[in-house]
Amino acid sequence: MTNDAHEALARLDERIDQLQRALEARDWTRLGELNADVRTLIDPVMDAMEQRQLAPTEVQKRLRTLEQFVQKADSEAREARDEAREALEQVGQNRKAASTYARVSGRDRS
């Protein structure tokens with residue numbers, strides 16, 4: 001493995017770790033920032049593999065990890081979206097109940 005290939009693999013490993021930490025923290029903004037240039041980190045690794053500077057098994061391992069990460073991130077993003085929707089629905093129900101209470105109790109004279 002050449003030094004450049006090793007560095008490319010190390011950069012990809014670091015990004016995968018950063019992505020996983022951001023997902024654990026449910027930091028969607030950070031995830032978007034980190035994800036924006038993942039392709040630029042994968043390309044040098046793929047090039048090094050094609051030039052036989054990296055073993056295909058090492059590259060496949062990282063790609064599988066990224067695939068699993070994407071599946072988990074998608075699942076957690078859907079869950080977060082559903083939680084946000086439920087919270088907004090609850091806020092709407094609470095406002096409606098408060099408005100009804102105000103009308104019934106005579107506080108709302110409109």
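None of these values were measured; they are calculated from a predicted model.

Rules and cut-offs
- Residues numbered from 1 in each chain as written.
- Predicted model: local features only at pLDDT ≥ 70, side-chain atom pairs only at ≥ 80, totals over all residues.
- Heavy atoms only, no water.
- Helix = DSSP H or I, 4+ residues; strand = E, 2+ residues; numbered from the N terminus.
- Rg over C-alpha atoms; globule rule 2.2 N^0.38 Å.
- Buried < 20%, exposed > 50% of the residue type's maximum accessible area, 1.4 Å probe, protein only.
- Contact = heavy atoms within 4.5 Å.
- Areas by Shrake-Rupley, 256 points an atom, 1.4 Å probe, with all protein chains shown as cover.
- Expected span 1.5 Å × (residues − 1).
- Salt bridge = Lys/Arg side-chain N within 4 Å of Asp/Glu carboxyl O.

A. The overall build of the chain, seen in detail. The number of helices and strands found in the chain is four helices and zero strands. Ordering the α and β elements of the chain from the N terminus gives α-α-α-α. In summary, the chain has a C-alpha radius of gyration of 24 Å against a globular reference of 13 Å for 110 residues, an excess of more than 25%. Overall, the C-alpha framework of the chain stretches about 80 × 20 × 15 Å when taken along its three principal axes. Looking at the chain residue by residue over its 110 residues, the buried ones come to 25%. Across the chain, the fraction of contacts at a sequence separation of at least 24, relative to all contacts at a separation of at least 6, is 64%. Carbon and sulfur atoms form 48% of the exposed surface of the chain, whose accessible area is close to 8100 Å².

B. Geometry of unusual backbone geometry. A positive phi is found at Arg 26, a non-glycine position, where the angle reads about 55°. Turning to its location among the elements, Arg 26 is positioned in the loop between helix 1 (3-24) and helix 2 (28-35). Using a relative accessible area of 29% as the deciding quantity, one classes Arg 26 as partly exposed.

C. Up close: the environment of Leu 31. For Leu 31, the location among the structural elements is in helix 2. If we ignore the near neighbours within four places in the chain, the residues touching Leu 31 are Leu 19, Ala 22, Leu 23 and Phe 69.

D. Expanded view of helix 1. Along its 22 residues, helix 1 runs 31 Å from first to last C-alpha, staying within 8% of the 32 Å computed at 1.5 Å per residue. All of the buried residues along helix 1 are Ala 5, Ala 8, Leu 9, Leu 12, Arg 15, Ile 16, Gln 18, Leu 19, Ala 22 and Leu 23. On its buried side, helix 1 packs onto helix 2, helix 3 (38-50) and helix 4 (56-104). Once helix 1 ends, the next one or two residues include Arg 26, with phi positive near 55°.

E. Layout of helix 4. Here helix 4 is 49 residues long and its end C-alpha atoms lie 71 Å apart, about the 72 Å a rise of 1.5 Å per residue gives. Tucked into the core, helix 4 has its buried residues touching helix 1, helix 2 and helix 3. Gly 106 sits one or two residues past helix 4 and shows a positive phi near 85°.

F. A look at the pattern of salt bridges. Enumeration over the complete set of coordinates arrives at twelve salt bridges. Salt-bridge contacts for Arg 26 lead to Glu 83; the nearest nitrogen and oxygen are separated by 3.3 Å. Linking Arg 26 in the loop between helix 1 and helix 2 with Glu 83 in helix 4, this pair joins segments that are 57 residues apart in sequence. Residue class for Glu 83 comes out partly exposed when judged on its relative accessible area of 39%. The shortest N-O distance in the salt bridge between Asp 82 and Arg 81 comes to 3.6 Å. Under the relative-accessibility criterion, Asp 82 is labelled partly exposed at 28%. Ionic contacts of the salt-bridge type, sharing partners, join the residues Asp 13, Glu 58 and Arg 62 into one network.

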